[in-house]
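Analysis of the macromolecular model
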Amino acid sequence: MRIAVAGGTGTVGRHTVEAVQAAGHEVVVLSRSQGVDLVTGHGLEAGLAGADAVIDVASIQTLKASAAIEFFTAATGNLLSAAADAGVRHVVLLSIVGIDRIPYDYYAGKVAQEKVVEASRVPWTILRATQFHEFAGQMFERAKVGPLHLAPNART
Ligand SMILES: NC(=O)c1ccc[n+]([C@@H]2O[C@H](COP(=O)([O-])OP(=O)(O)OC[C@H]3O[C@@H](n4cnc5c(N)ncnc54)[C@H](OP(=O)(O)O)[C@@H]3O)[C@@H](O)[C@H]2O)c1
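Below: a short report on this structure. (Residues numbered from 1 in each chain as written. Predicted model: local features only at pLDDT ≥ 70, side-chain atom pairs only at ≥ 80, totals over all residues. Heavy atoms only, no water.)

**Let's talk about the sheet that holds strand β2 (residues 26-30)**
The line we're drawing: Strand pairing is defined by DSSP finding a minimum of two bridges between the two strands. Each helix is a run of DSSP H or I of at least 4 residues and each strand a run of E of at least 2, with the numbering of both proceeding from the N terminus. The axes used here are C-alpha line fits, helices contributing only the stretch in contact, and every angle between their N-to-C directions lies in the interval 0 to 180 degrees. Contacts: residue pairs with any heavy atoms within 4.5 Å of one another.
One open sheet accounts for five strands, arranged β2-β1-β3-β4-β5; its pairing is parallel. The sheet is open, and its two borders are formed by β2 and β5 (124-129), each paired with just one other strand. With strand direction ignored, the average angle separating the axes of adjacent strands in the sheet is 20°. With four bridges joining them, strand β1 (residues 2-6) and strand β3 (residues 53-56) adopt parallel strand pairing. Bridge assignment links Val-5 to a residue of β3, and that residue is Ile-55. Lying over the sheet, helix α4 (residues 105-118) contacts β3, β4 (90-96) and β5, oriented at roughly 160° with respect to β4.

**As for the pattern of salt bridges**
Worth spelling out the cut-off: Each reported salt bridge corresponds to a side-chain nitrogen of Lys or Arg within 4 Å of a carboxyl oxygen of Asp or Glu. Only protein chains enter the accessibility calculation, which uses a 1.4 Å probe; a residue whose area is less than 20% of its type maximum is buried, one above 50% is exposed, and one in between is partly exposed.
What the rule picks out here adds up to six salt bridges. Note that Arg-89 is salt-bridged to Asp-52, the shortest N-O span being 3.2 Å. With Arg-89 in the loop between α3 (65-86) and β4 and Asp-52 in the loop between α2 (44-48) and β3, this pair connects stretches of sequence that are 37 residues apart. What makes Arg-89 exposed here is its relative accessible area of 53%. Among the salt bridges present, the one from Glu-141 reaches Lys-144, with a minimum N-O distance of 3.9 Å. Linked through salt bridges whose partners overlap, the residues forming this network are Asp-100, Glu-114 and Arg-128.

What follows is the structure, encoded as structure tokens:
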């Protein structure tokens, strides 16, 4: 199969690309560094040409709910619309356990993203995973005010 991995250069995306290739499939990576912008839709049509399936592991580095909702709604909305037009047969979204129960700003974006997928014309699967080991390092980099790094009061 030809499988498009949106966010295939990211933390999760790099492992996803390796796993897809190891399973004998052809991979096309959709990310800005590969000339595809999910938010504007630039390059999506060409990137999805001939794709059988799509895995969405794209993300935005933000701790603001408004930015997360805006990104995930636009990016996944454009991706799914282009996937439907390209005749893609299945879309897999990576989501996170507990996003609808924990009032964490980034999770508001993931909840909005799941709703976009659930309304899609393309058959879909949403996989909710728990945090990966890299998450601790990501939080250390992102949750900071000047020289201070904040440790969020959250169970993961
Ligand atoms: N990290 C975890 O512990 C964890 C756990 C469970 C679920 N997840 C989910 O897994 C997904 C990936 O998370 P991650 O931590 O791997 O993210 P990440 O390391 O920040 O990677 C984000 C990816 O998205 C791409 N991207 C960002 N903006 C884009 C745009 N406008 N157009 C196209 N591509 C864009 C980036 O590539 P470019 O910069 O080249 O565009 C990169 O490949 C997210 O949905 C997250 O919620 C993560």
